Structure formats: structure tokens, C-alpha cells
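Notes for the structure review
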Amino acid sequence: MFYSIARELVRFAYHIVFHITVIGRENIPDEKGGYIIASNHVSNNDPPMVGITFRGKYNFMAKEELFHLNPIFTWLIKRLGAFPVKRGAKDSSAIDNALDSLKRGRIFIIFPEGTRSKDGELGRAKSGVTLIAAQAKVPVVPVFIKYGRKRFRRRCVISVGEKIGADAFDVDITDKRQLKAVSSRIMDSIAKLKEEAPDVD
């Protein structure tokens, strides 16, 4: 109940503060879970922005530092689907949490670059997205988010690409080259969405 109410409140607030345009709605899966959303990352608004665009409940990784700001904020982001990840280190517990969320039929949101881009340019994908997709045997939906200049009713374009089938992630998870190659394919899909995205002021 809390999740549904919070989601609708966030949706209402974001549609007031932002002028949101969604491109590729036909690519949004009918299923309400059991797949991964892989998106570029340029703002702290990205997780909720994706969350109000897709149907279903979702989970996502958030840097561990956010869970130590204050008890109320920690409680809130946990209830909204966040769980901590240690950046710059192998975090098996975060991978396990991601796999568990997919097994429970949730949508898992991940930012393959591993950190926010300060200039809007795409970086290299880390192997985590492929590692999770390969073990969970689920498809990945690429997403590109773009914001206009900061102001009230700031423009935001969310481009949703075609789903990459689970068979694309049938790889040897112990082979780093395979993991990097498939992760790069995901970033290529996001890059294509970026090229086709309209300009925003």
C-alpha cells in the first residue's frame, strides 16, 4: 500500500515539476516485472523518473553513502526499492539482492556506467548488468534520459529502446571478455537512443 501511494505521489509531483516526454512507449514491456532496465545516469532524479514511466514495482542499487545520511531518508529509499552497493568494489550482496528482486517478479533498474555522468556523455559499461542478466536469465530494456536546462517545468525526454532478449545474455559469467562485450552491446543500444533523442532546451 505504501509503495503504491508513494509512487503516485512521486508521479504527480514529477509531472508538475518536469515537462516529461516519453519516446518508444511501445517498447515498454507488458509484464510488470522480471526484467532489467539499463539506463544512462545523469541525475539523482533518474531512478524515480524511470520508475514512473514503467509499470510494476522496481528495485535499484544506490551508493552506500546514501543510507547513512539520516534514518528517515534511509527508511524512505528502502521502502521505495533501493538497496546499498559499495562503489569501486565487488559487492556480492548487491548482486544477490538484484537477483532476488528479479526472482520476486520485480523490475530491476541499473545504471551500467556505475556512476553519474557530469557532462551527459556516455561512459563505458561495467560488467554488472550482464552478470545479473545472465544469472537471472531475463531480458534488458535500454533507456536513455535527457534533461533540459534547470528551471520550473524542466524538460525531460525518456527514450525506451527495444528489449534485448534473455538469450543475448547466455554467456560464461567467468569470462570477463564476454561480460564486457555484452555490456558494451547494451551501451551501444543506449547510445543509439541518444543519437535519435530530440534536442531539449
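Residues numbered from 1 in each chain as written. Predicted model: local features only at pLDDT ≥ 70, side-chain atom pairs only at ≥ 80, totals over all residues. Heavy atoms only, no water.

**Topic: the sheet that holds strand E2 (residues 35-39)**
Ordered in space as E1-E7-E6-E2-E5-E3-E4, the 7 strands form an open sheet in which the pairing is mixed. The two strands at the open ends of the sheet, each matched to only one other strand, are strand E1 (18-23) and strand E4 (82-85). Taking each pair of neighbouring strands and ignoring which way they run, the sheet shows an average axis angle of 25°. Where E2 lies against strand E6 (residues 140-147), 4 bridges are found, and the strand directions are parallel. (Pairing = 2+ DSSP bridges. Helix = DSSP H or I, 4+ residues; strand = E, 2+ residues; numbered from the N terminus. Axes fitted to C-alpha atoms, helices over the stretch in contact; angles between N-to-C directions.)

**Re the pairing of E1**
Where burial is concerned, the two faces of E1 differ: the one with Phe18, Ile20 and Val22 is buried and the one with His19, Thr21 and Ile23 is not. As defined by bridge partners, E1 adjoins strand E7 (residues 154-160) across 6 bridges and the pair is classed as parallel. Its bridge partner lying in E7, Phe18 is registered against Arg154. (Buried < 20%, exposed > 50% of the residue type's maximum accessible area, 1.4 Å probe, protein only.)

**Regarding a positive patch on the surface**
The grouping of Lys63, Arg116, Lys118 and Lys150 at the surface amounts to a positive patch. Along the chain, Lys118 turns up in the loop between strand E5 (107-110) and helix H5 (128-136). Given a relative accessible area of 89%, Lys118 falls into the exposed group. (Patch = residues over 30% accessible without salt bridge, like charges linked within 9 Å, V, L, I, M, F, W, Y side chains within 5 Å. Areas by Shrake-Rupley, 256 points an atom, 1.4 Å probe, with all protein chains shown as cover. Salt bridge = Lys/Arg side-chain N within 4 Å of Asp/Glu carboxyl O. Lys, Arg positive; Asp, Glu negative; His and termini not counted. Charge placed at Lys NZ, Arg CZ, Asp CG, Glu CD.)

**Some remarks on the environment of Ala168**
Note on placement: Ala168 falls in the loop between E7 and helix H6 (176-196). Exposure remark for Ala168: the relative accessible area of 19% places this residue in the buried category. Each C-alpha atom, one on Ala168 and one on Ala82, is 27 Å from the other, the two residues being 86 residues apart in sequence. Look past the residues within four positions of Ala168 in its chain and what remains in contact with it is Val182 and Arg185. (Contact = heavy atoms within 4.5 Å.)

**Considerations on the packing of aromatic side chains**
By convention here, two paired aromatic rings are described through the distance between centres and the angle between planes. Counted according to the given criterion, the structure contains 5 aromatic pairs. Measuring from ring centre to ring centre gives 6.1 Å for Phe18 and Tyr147, while their planes differ by 55°; the resulting arrangement is tilted. One end of the pair, Phe18, is in strand E1; the other, Tyr147, is in strand E6, with 129 residues separating them in the sequence. Given a relative accessible area of 6%, Phe18 falls into the buried group. Taking the relative accessible area as the measure of exposure, Tyr147 reaches 13% and is therefore buried. Ring pairs connect the aromatic residues Tyr14, Phe18 and Tyr147, which therefore count as one cluster. (Phe/Tyr/Trp six-rings, centres within 6.5 Å; stacked < 30°, edge-to-face > 60°.)

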